[in-house]
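Breakdown of the fold
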Amino acid sequence: MERDKANTPRNYNSELDDLIEWIRQLLDNMGLDERVQALNRIREELSKSSPFNDPVDLVLWIPAENVQANDYNPNLVAPDEMELLYTSIRLDDFTQPIVSYRIDGDHYEITDGFHRNKVGRYPDIAEKHHGYLPLSIIDKPLDERIGSTIRHNRARGTHQIRSMSDIVVTLTKMGWSDEKIGENLGMELDEIIRLKQISGLKEAFQNHEFSKSWVEFERKYYKQECPPDKEGKKK
C-alpha cells in the first residue's frame, strides 16, 4: 500500500487553483500600468518553464510610445487592405502579436507587424487597448532580423522590388553570400542577380563570391540570346 502511494503522481491542481486565485486578488488591487507590468513579469517567468521556445509563447503588452519602426521594411499595404486590417482589429481585437526586437530594457524595434502597430495607434483602437501593443520578442542580430522581415513579407506576397533590391545589397555588404540570401529569403539565384542589377552593378557585385553567380546568370540569360555571327557561332 505504501509503495502504491509513493508511485502515485501528485495532483497539483488544488495548489495551482489556490495560487491562481491569490495572484488574481493581488492583481485586482493594482492600477492599470502596474497590473500590465506585473502580468508581463509573470508571463516572462512562466515562459522559463515552458517546453516551447517559440516567440509566440510569450506575448508582452508594451506601451506604444516604446515601440518604433525599423528602417528597412519594404512592405506597403494598399488603402483597402489597411481598412480591412483596421476593421479586423476593431472587431476581433489583436489575434497576432507584433514581432519585435528589444533595443534596451524598455524600447523595441518592429521586425514584422508595422501595420498592426499603425492600426494599434488609431485613437479608438489605442483607447480600447489602453495605449499598449502586443509584442512577441525575437533576439537576433540585424542581418537576421532583416531576413525575418523579408520572409514575413514574401510569405504574404507583399514586397517592393526597389526596396528588395536595397535589402539584397545591404545583406551582401554584411557578408551574406548569394546562397545564404537565397536560402534565408526564399529566392532563386536569378532573382537575386536581377535585384542586384537594379541597384547598380558596381555596388552590388563587389562580393568576390558573386562572380561565379554572375557567370551562371550571364550564360543563362545573355549568351543564349546572342545571335550567331557570320560563321554560325554565338557571340
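Nothing here was measured: the structure is a model prediction, and the numbers come from that model. Residue indices follow the written sequence of each chain, beginning from 1 at its first position. The predicted origin of the model limits local features to residues at a pLDDT of at least 70 and limits the giving and counting of side-chain atom pairs to 80 or more, whereas totals for whole chains, interfaces and linings rest on all residues. Excluded from the side-chain calculations are hydrogens and water; all other atoms, namely the structure's heavy atoms, are used.

**Here's the deal with helix 4 (residues 79-92)**
Since there are 3.6 residues in each turn of an α-helix, residues three or four apart along the chain are aligned in direction. In this model helix 4 runs 20 Å from its N-terminal to its C-terminal C-alpha over 14 residues, within 8% of the 20 Å that 1.5 Å per residue would give. Regarding helix 4, the residues found buried are M82, Y86 and I89. The buried residues of helix 4 occupy an angular sector of 70° when projected down its axis, which confines them to one face. With respect to the buried face of helix 4, the exposed residues turned more than 90 degrees away are D80, L84 and L91. Contacts are residue-level and defined by heavy atoms, with any inter-residue pair within 4.5 Å sufficient. Helix numbers and strand numbers start at the N terminus; a helix is a DSSP run of H or I with at least 4 residues, a strand a run of E with at least 2. Looking at the buried residues of helix 4, the elements they touch are helix 5 (114-120) and helix 6 (123-128). Within two residues after helix 4, D93 carries a phi angle of roughly 65°, on the positive side. Helices are assigned an expected span. That span is 1.5 Å times one less than the residue count. Type-normalised accessible area, obtained with a 1.4 Å probe on protein chains alone, sets the label of each residue: buried when under 20%, exposed when over 50%, and partly exposed for intermediate values. Within this analysis, the arc is defined by the directions that extend from the helix axis to the C-beta atoms.

**Quick look at the pattern of salt bridges**
A carboxyl oxygen of Asp or Glu within 4 Å of a side-chain nitrogen of Lys or Arg is what we treat as a salt bridge. Per the counting criterion, the structure on display carries four salt bridges. Between E45 and K48 there is a salt bridge whose closest N-O contact spans 3.1 Å. Relative accessible area serves as the criterion here: at 42%, E45 is assigned to the partly exposed category.

**Some thoughts on the sheet that holds strand 4 (residues 108-112)**
A pair of strands is treated as paired once DSSP finds two or more bridges between them. One open sheet holds the five strands; their spatial order is 1-5-3-4-2, and the pairing between them is mixed. Looking at the sheet topology across the chains shown, the edges are occupied by strand 1 (59-63) and strand 2 (67-68).

**Re the confidence of the model for the protein**
Low-pLDDT stretches of the model should not have their predicted coordinates read in fine detail. Residue-level pLDDT values for the protein average 78, and 69% of them are 70 or greater. What pLDDT conveys is the predictor's confidence in a given residue, as a value from 0 to 100. Mean pLDDT values for the elements of the protein range from 48 in helix 11 (residues 201-204) up to 98 in strand 1. The low-confidence segment residues 208-214, where pLDDT is below 50, has 13 contacts with residues more than four positions distant or belonging to other chains.

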